Amino acid sequence: ICAMKTKQKILNAAMQVLGEQGYKALTQTRVAEVAGLRQGLLTYHFPTRSDLLKAVVDASKAQMAAQYGFTDGTITLDQLQEMFFDSALSKSLPRIMLALSVAADEDSALAVWFAEADFSFRQHFRCLLVKLGLQVDEIELHILRATIVGAALINLQQNTEESERVARDVVAAAFSRLKNATRPL
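Residues numbered from 1 in each chain as written. Predicted model: local features only at pLDDT ≥ 70, side-chain atom pairs only at ≥ 80, totals over all residues. Heavy atoms only, no water.

Caption draft 1: Just the overall build of the protein chain, in detail. Helix and strand counts for the protein chain stand at nine helices and two strands. The linear arrangement of helices and strands in the protein chain, starting from the amino end, is α-α-α-α-α-α-α-β-α-α-β. Overall, the protein chain is about 55 × 35 × 30 Å in size when its C-alpha atoms are taken along their principal axes. For the protein chain, the residues scored as buried account for 39% of the 185 residues in total. Considering only contacts in the protein chain between residues 6 or more positions apart, those separated by 24 or more positions represent 67%. When the accessible surface of the protein chain is split by element, carbon and sulfur atoms take 56% of a total near 10,000 Å². When the 20 positive and 20 negative side-chain charges of the protein chain are each reduced to one mean point, those points stand 4 Å apart. (Helix = DSSP H or I, 4+ residues; strand = E, 2+ residues; numbered from the N terminus. Buried < 20%, exposed > 50% of the residue type's maximum accessible area, 1.4 Å probe, protein only. Contact = heavy atoms within 4.5 Å. Areas by Shrake-Rupley, 256 points an atom, 1.4 Å probe, with all protein chains shown as cover. Lys, Arg positive; Asp, Glu negative; His and termini not counted. Charge placed at Lys NZ, Arg CZ, Asp CG, Glu CD.)

Written out as structure tokens, the structure reads:
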């Protein structure tokens, strides 16, 4: 139990560092400092930066899944859209996405893992749509993801009330397109 609490403390600190300061700040020294732990303890649990980054993404996905009812299937399409509004307006999620992109460019093993994680997310999302009685093809899933990621990155870069409004409008348009592209089961 103590090891699990330590790992969670490290993951929370890593998410905080990534979300507030970006990928360059994600060092073992900085994360250990934010977690209030010795660097050796962090290295014991996460020997490399890539290991830590993978764990952060996995923990984020699990947290999101629980928060939005992915695991129990109680989410509605409107709630799903709200979740994507939150993602597009978030500052930390786009920073984590950018960090993953940079890290994947530097580490081919992480690139493979990132591609597998993306595929897994799309399949999970497809299953959610099926539970909602909707069927959508793969290209529509890619379009939705690219649109939301793009809106989130533009909002992060511009960081204005106007960019937040535009990001919200873009997500709404993407969901409207998704609804029109789906076929009933």
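Once you've had a look at it, read on.
Caption draft 2: A look at the pattern of salt bridges. Applying the stated criterion across every chain yields a total of nine salt bridges. Across the pair Arg-168 and Glu-82 runs a salt bridge, and its minimum N-O distance is 3.5 Å. Residue Arg-168 is found in helix H9 (residues 161-181), and its partner Glu-82 is found in helix H5 (residues 77-89); the two are separated by 86 residues along the sequence. Judged by its relative accessible area of 35%, Glu-82 falls in the partly exposed class. Among the salt bridges present, the one from Glu-162 reaches Arg-165, with a minimum N-O distance of 2.6 Å. Pair noted here: Glu-162 and Arg-165 are both in helix H9, with a separation of three residues, about one helical turn. (Salt bridge = Lys/Arg side-chain N within 4 Å of Asp/Glu carboxyl O.)

Caption draft 3: Layout of the environment of Ala-55. Of note, Ala-55 is situated in helix H4 (residues 49-67). On the basis of relative accessible area, Ala-55 is assigned to the buried category, the value being 17%. For Ala-55 and Phe-125, which are 70 residues apart along the polypeptide, the C-alpha to C-alpha distance reads 20 Å. With near-sequence residues (within four places) excluded, Ala-55 lies in contact with Leu-11 and Phe-46.

Caption draft 4: Looking closely at the packing of aromatic side chains. Counted according to the given criterion, the structure contains two aromatic pairs. A ring pair is formed by Phe-84 and Phe-175, whose centres lie 5.6 Å apart and whose planes are at 45 degrees; its orientation type is tilted. Remark: Phe-175 occurs in helix H9 and Phe-84 occurs in helix H5; sequence separation between them is 91 residues. Judged by its relative accessible area of 8%, Phe-84 falls in the buried class. Phe-175 gets classed as buried once you look at its relative accessible area, which sits at 0%. Ring-pair connections join several aromatic residues into one group, and the members of that group are Phe-84, Phe-125 and Phe-175. One cation-aromatic arrangement involves Arg-168 over Phe-85; the distance from NZ or CZ to the ring centre is 4.0 Å. (Phe/Tyr/Trp six-rings, centres within 6.5 Å; stacked < 30°, edge-to-face > 60°. Lys NZ or Arg CZ within 6 Å of the ring centre and 35° of its normal.)

Caption draft 5: Broad picture of the environment of Gln-157. Tracing the backbone shows Gln-157 in helix H8 (residues 138-158). Between the C-alpha atoms of Gln-157 and Arg-95, which are 62 residues apart in sequence, the distance is 10 Å.

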